[in-house]
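Observations on chain architecture
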Amino acid sequence: MILQTPEQKMTDPTLVRVSHDGPVATVTIDRQKKLNALNPDVIRELGHAFEGLRSDDEIRGVILTGAGDKAFVAGADIGVLARMEPIEGVEVSRQGQSVLRAIETFPKPVLAAVGGYALGGGCELAIACHLRIASENARFGLPEVGLGIIPGYGGTVRMARLVGLGRALELTLTGEMIDAQRAEALGLVNGVVPRDELMERARELMDKIVKNGPVAINKALESVYHALDAGTEDALRHESSLFGLLAATDDMKEGMTAFMDKRKPEFKGK
Ligand code: COA
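Our subject in this report is the structure included herewith.

Reading the values: rules and limits
Residues numbered from 1 in each chain as written. Predicted model: local features only at pLDDT ≥ 70, side-chain atom pairs only at ≥ 80, totals over all residues. Heavy atoms only, no water. Pairing = 2+ DSSP bridges. Helix = DSSP H or I, 4+ residues; strand = E, 2+ residues; numbered from the N terminus. Axes fitted to C-alpha atoms, helices over the stretch in contact; angles between N-to-C directions. Patch = residues over 30% accessible without salt bridge, like charges linked within 9 Å, V, L, I, M, F, W, Y side chains within 5 Å. Areas by Shrake-Rupley, 256 points an atom, 1.4 Å probe, with all protein chains shown as cover. Salt bridge = Lys/Arg side-chain N within 4 Å of Asp/Glu carboxyl O. Buried < 20%, exposed > 50% of the residue type's maximum accessible area, 1.4 Å probe, protein only. Arc of directions from axis to C-beta. Contact = heavy atoms within 4.5 Å. Polar contact = N/O pair within 3.5 Å; in protein donor to acceptor, adjacent residues only side chain to side chain. Near = heavy atom within 4 Å. Nonpolar A, V, L, I, M, F, W, Y, C, P; charged D, E, K, R; others polar.

Side note on the sheet that holds strand S10 (residues 191–193)
In space, the 6 strands of this open sheet follow the order S1-S2-S3-S5-S7-S10, with mixed pairing throughout. With partners counted over all chains shown, the strands left at the sheet margins are strand S1 (16–21) and S10, one partner each. Strand-to-strand, the axes of this sheet are offset by a mean angle of 20°, without reference to chain direction. Here strand S3 (residues 61–66) runs beside strand S5 (residues 110–114); their pairing, made up of 4 bridges, is parallel. When the sheet's bridge partners are listed, isoleucine 63 is paired in S5 with leucine 111.

Below is the structure:
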């Protein structure tokens, strides 16, 4: 029997929808009347959605997006933040961090399709994903300092890694929004596309990834992220171990045999 707290019972699973299309799942945050702002229910449902997809062997990649044309996610819910006490504030931050960390360490590639505002927690959510595609109307920013707080979902940690210290500090300290073109110039997004092509182009990019060996994709993610936290020698040894490990997979045999046979590989993810 699964025990639920009263708070969990009140959770609305329609806030985060999951759909499947072949090997790719799409997770859609749908709280449009508040521009998909992240309240505790959305955070919890987002965590559940990724938990479910983690063990789903059919799924090889995930696209994360926000419902409606206006926003990916316009931030953590300011109504909730405005009422928080210090200890609660730490909890709010830790809960959000833990779900975003689960996305960052997700064993399959996660691509954010950003079709509008990605501000505060929304920007932090986008940069916790492995890749980002933005629509031309997308806007990014870390406006927290204007509210008297700082980014609390990993923004002060991940932004500098992604765009470099000086640019991250400019975004964090000014709190100003940047448009999609500027975000692309900074390396904050991998591409900018017209709004009505966003999901199609996100899928095209994901298809280029999921056609490759799933175990190799998983180990590539592991190696790159391990290197971010490790010294060079440790990171190189870790890479070698993973490289060697892949020789034990059917996927490696299939990939190399298919190359020799001049045909497309059919990977099984084993
Ligand atoms: N938290 C809670 N509610 C939010 C929100 C957030 N982060 N972002 C938007 N909303 C709500 C608005 O309060 C409004 O609700 P209402 O209709 O009940 O008044 C609704 O979403 C629509 O937003 P609105 O401000 O009317 O849209 P807009 O087009 O005029 O402006 C933004 C869009 C994104 C520029 C503006 O909503 C904004 O600045 N949001 C906050 C962004 C932010 O600071 N995020 C970081 C939080 S830490």
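Some thoughts on a nonpolar patch on the surface
Among the surface-exposed residues, Leu165, Leu169 and Leu173 lie close enough to one another that they form a single nonpolar patch of about 320 Å² accessible area. On the basis of relative accessibility, which here comes to 59%, the residue leucine 165 falls in the exposed class.

Details of the sheet that holds strand S6 (residues 117–119)
Across the sheet, 4 strands lie side by side as S4-S6-S8-S9; this open sheet has mixed pairing. Every interior strand has two partners, whereas the edge strands, strand S4 (71–73) and strand S9 (178–179), have only one. Of the pairings in the sheet, the one linking strand S8 (residues 139–141) to S9 comprises 2 bridges and is antiparallel in character. In the strand pairing of S9, arginine 139 is matched with aspartate 179.

Topic: helix H7 (residues 165–174)
When we look at burial in H7, the residues that qualify are Ala168, Leu171 and Thr172. All buried residues of H7 lie within an arc of 95° about the axis, which places them on one face of the element. With respect to the buried face of H7, the exposed residues turned more than 90 degrees away are Gly166 and Leu173. As for H7, its buried residues are in contact with helix H6 (155–163), S9 and helix H8 (180–186).

Looking at the side chain of histidine 130
You can see histidine 130 is positioned in the loop between helix H5 (121–128) and strand S7 (131–135). Here the side chain of histidine 130 touches glutamate 104 through a polar contact of 2.9 Å, landing on its backbone oxygen. Filtering out sequence-adjacent residues up to four positions away, histidine 130 remains in contact with Ile103, Glu104, Phe106, Lys108, Pro109, Val110, Leu221 and Tyr225.

Quick look at the site of the ligand
Lining the immediate surroundings of the ligand are 16 residues, of which Lys34, Lys70, Ala74, Ala76 and Ile78 lie closest. Residue alanine 74 places a main-chain N or O atom 3.0 Å away from a nitrogen atom belonging to the ligand. Between a nitrogen atom of the ligand and a main-chain N or O atom of isoleucine 78, the distance comes to 2.9 Å. When the ligand is considered free in solution it has 860 Å² of accessible area, and contact with the protein chains removes 61% of it. Contributing elements (two or more residues each) for the shell around the ligand: helix H3 (78–82) and S6. Each residue belonging to the shell around the ligand can be placed in one class, and the counts come to 10 nonpolar, 1 polar and 5 charged.

That is the geometry; function is a separate question.
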